[in-house]
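Here is how the chains run, residue by residue.
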Amino acid sequence: MPAKTPPITLLWPNKPSLPPPSNPPDPQHLGTFPTPSDPSEASLHTPPNALYHGDNLLALQHLRCSHAQQIDLIYLDPPFATGRIFRTRQTPSNSPITAYRDTWSDKAQFLSMLYPRLCCITELLSPHGVLIVHTDTRFSSYVATLLFEIMGEESLQNEIIWSYGGRGAKAHAGQFPRNHDTLLVFSKGTPTYHRQDRILRHPKAQLPKHILIDEQGHPFKTSPRGDYTDQSIDRLALEGRIYYTRNRQIRIKYFLEHDKHHVLEPKHIGDVWDDIPDMMHCPRTERSGYPTQKPLALLERLLRSWSNEGDTVADLFCGSGTTLLAAQRLKRRWIGADQSDIAIQTTQHRLLQDPTCPTFHLYRLNEAATPHEQPTHEQPTHEQPTHEQPSHEQPTHEQPSHDPSAPPLSSTKRKR
Ligand SMILES: C[S@@+](CC[C@H](N)C(=O)[O-])C[C@H]1O[C@@H](n2cnc3c(N)ncnc32)[C@H](O)[C@@H]1O
């Protein structure tokens with residue numbers, strides 16, 4: 001047997017090794033939401049929905065014991081070393097508060113934070129589970145290489161380009177404006193994939209050339225006969241599904257739904273998604289005010305594509321809780337984590353406001369992350385959003401509220 005070729009690896013100074021499994025301190029249970037009317041109910045009824053407040057490495061150490069190979073879909077939208085401090089404004093005072101810092105001394109420090117987390121996360125995936133990492137132009141190749149190393153190159157299922165467009169992306173000299181993010185989809189097994197269609201509504205008065213109308217007024221489109229045998233063609237002819245071109249070529253008819261004024265054409269969605277606008281163009285009611293919030297439509301499509309009702313979905317950089325909300329609306333169970341007070345407060349608020357809100361537990365993870373992993377508190381060198389304060393400035397009113405009735409944040413205009 002030839003020796004197995006070692007995987008191609010990414011190296012950087014002080015690359016950490018995989019943290020050994022350990023027994024982390026039990027997370028502190030802060031409460032069950034919505035508050036059960038009978039407190040004894042809370043301990044009897046222990047659904048797996050859980051929100052962890054704290055460093056996700058601690059959450060991962062805990063989940064490695066309780067959920068090894070049990071999570072069906074994990075979505076991660078980590079910070080990507082933008083050099084920014086993401087702030088938001090809290091109503092009614094409208095004073096800026098830090099949601100989270102994304103300032104690192106260098107790329108190596110950032111990769112040293114991400115790498116052990118990616119290693120642990122893959123241990124939680126069920127045999128056919130899917131990991132989706134949301135990245136940007138600068139980091140997608142680093143993340144892909146790390147995941148090739150951890151999961152194997154054959155684990156890459158898709159590279160989805162989310163082209164959010166329309167944001168007046170900043171033009172830099174000598175390059176096209178950047179207006180897409182990259183979603184890397186990995187799985188070690190063969191994941192369940194559900195084809196997603198987008199429905200195009202064509203006005204009957206202006207049908208595209210490929211849509212035809214038969215004598216009975218039914219709209220249809222056609223495709224070449226492909227591998228159909230003569231027998232199958234005869235059967236389809238009896239069903240009225242054969243179309244002859246002018247030069248007597250056989251094509252197969254596909255009837256389309258229609259109403260009085262429109263023909264509805266389902267279009268298979270490919271790996272470039274340009275039909276989901278960014279948060280600035282989402283309905284106002286969807287905007288939580290948390291910076292870098294992602295649209296629900298994006299998460300719903302991902303969850304519909306690669307998970308089923310009853311599956312367990314996790315997001316360990318959950319921010320404003322978009323993935324958890326999408327999961328609960330689509331009847332998936334969920335686990336979330338974030339170390340930002342504002343993120344947890346926003347997530348709780350969004351979940352509890354939603355009519356579908358199931359019971360969930362809130363836990364506090366008690367240990368601080370090791371110092372080399374923490375974002376630096378240096379003045380970031382990258383361009384700053386105009387409303388940001390110097391990074392060393394700590395607002396005094398940033399205490400976690402854990403109060404789901406806390407007022408929502410005012411809306412933010414930035415995407416990272
Ligand atoms: C890009 S945001 C996620 C936004 C989210 N997808 C949404 O729709 O709102 C990244 C999040 O990762 C969190 N984060 C960064 N490092 C973390 C860590 N070590 N543990 C837990 N959360 C972390 C930040 O607080 C921030 O909320």
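Bear in mind the structure is a predicted one, so any value in this text is a computation, not a measurement.

Student: Break down the overall build of the protein for me, citing the residues and quoting the values.
Tutor: Within the protein, the regular secondary structure consists of eight helices and 19 strands. In the protein, which comprises 416 residues, the share counted as buried stands at 33%. Sequence separation of 24 or more characterises 77% of the internal contacts of the protein that already satisfy a separation of 6 or more.

Student: Give me the lowdown on helix H4 (residues 140-151), citing residues and values where you can.
Tutor: With 12 residues, H4 ought to run about 16 Å at 1.5 Å a step, and its terminal C-alpha atoms sit 16 Å apart, in line with that. All of the buried residues along H4 are Val143, Leu146, Leu147 and Ile150. The arc enclosing the buried residues of H4, seen along the axis, measures out at 95°, which places them on a common side. Taken together, the buried residues of H4 touch helix H3 (107-124), strand S6 (125-135) and strand S8 (180-186). Positive backbone phi, at 95°, marks glycine 152, one or two positions downstream of H4.

Student: Explain the sheet that holds strand S12 (residues 242-244) to me, and be specific about the residues and the numbers.
Tutor: Pairing is antiparallel in the open sheet, where four strands are placed in the order S10-S11-S13-S12. The open sheet has two free edges, formed respectively by strand S10 (212-213) and S12, since each of these has just one partner strand. Taken together, the three bridges between S12 and strand S13 (residues 250-255) define a ladder with antiparallel strand orientation. Residue pairing for S13: isoleucine 242 is matched across the bridge by isoleucine 252.

Student: So what about the site of the ligand? Which residues, and what values?
Tutor: Looking at the ligand, there are 20 residues lining it, with Tyr100, Phe317, Gly319, Thr322 and Ser340 nearest. Its residues assigned to classes, the shell around the ligand shows eight nonpolar, eight polar and four charged.

Student: Lay out the packing of H3 against H4 with the relevant residues and their values.
Tutor: Running from amino to carboxyl end, H3 crosses H4 at an angle of 40°, the nearest separation of the two axes being 10 Å. Between H3 and H4, the angle is such that the two are oblique. Crossing angle aside, the handedness with which H3 passes H4 is right-handed. From H3, Leu111, Tyr115, Leu118, Cys119 and Thr122 reach across to H4, where they touch Tyr142, Leu146, Leu147, Ile150 and Met151. Split by residue class, the contact of H3 with H4 holds nine nonpolar, one polar and no charged.

Student: Can you explain the sheet that holds strand S9 (residues 197-203)? Please cite residues and give values.
Tutor: With antiparallel pairing, the three strands of this open sheet are ordered in space as S9-S15-S14. Both edges of this open sheet fall to S9 and strand S14 (257-258), since each of them pairs with a single strand only. For S9 and strand S15 (residues 262-268), the ladder comprises seven bridges, and the chain directions are antiparallel. Of the residues in S15, the one forming a bridge with aspartate 197 is histidine 268.

Student: How would you sum up the nonpolar core? Please name residues and give values.
Tutor: One finds Ala59, Ile74, Ile121, Leu131, Ile132, Ala314 and Leu316 to be the most contacted residues of the largest nonpolar core, which totals 73 residues. For this core, the element with the most residues is H3, which contributes nine residues. Aside from chain neighbours lying at most four places away, what touches leucine 316 is Asn56, Ala59, Leu60, Leu76, Ile121 and Ala337.

Student: Can you break down the pairing of strand S3 (residues 71-76) residue by residue, with the values?
Tutor: Within S3, six of the six residues are buried, which leaves it mostly tucked inside the rest of the structure. Looking at chain direction, S3 and S6 are connected through five bridges and run parallel. Looking at S6, one finds that isoleucine 71 is bridged to leucine 125. Where S3 lies against strand S17 (residues 312-315), two bridges are found, and the strand directions are parallel. In the sheet register, isoleucine 74 faces S17, and the bridge partner there is alanine 314.

Student: Tell me about unusual backbone geometry, and name the residues and values.
Tutor: Note the cis peptide between phenylalanine 33 and proline 34, where omega equals -15°. With respect to the helices, strands and loops of the structure, proline 34 is situated in the loop between strand S1 (28-33) and helix H1 (39-44). Of note in this structure, asparagine 14 is not a glycine but carries a positive phi near 60°. Relative to the assigned elements, asparagine 14 resides in the segment before S1.

Cut-offs applied
Residues numbered from 1 in each chain as written. Predicted model: local features only at pLDDT ≥ 70, side-chain atom pairs only at ≥ 80, totals over all residues. Helix = DSSP H or I, 4+ residues; strand = E, 2+ residues; numbered from the N terminus. Buried ≥ 20, exposed ≤ 12 C-beta atoms within 10 Å, placed from the backbone. Contact = placed C-beta atoms within 7 Å. Expected span 1.5 Å × (residues − 1). Arc of directions from axis to C-beta. Pairing = 2+ DSSP bridges. Near = placed C-beta within 6 Å. Nonpolar A, V, L, I, M, F, W, Y, C, P; charged D, E, K, R; others polar. Axes fitted to C-alpha atoms, helices over the stretch in contact; angles between N-to-C directions. Parallel < 35°, antiparallel > 145°, perpendicular 65-115°, else oblique. Left-handed = near helix turned anticlockwise from the far one by under 90°. Core = buried A, V, L, I, M, F, W, Y, C linked by C-beta atoms within 7 Å.

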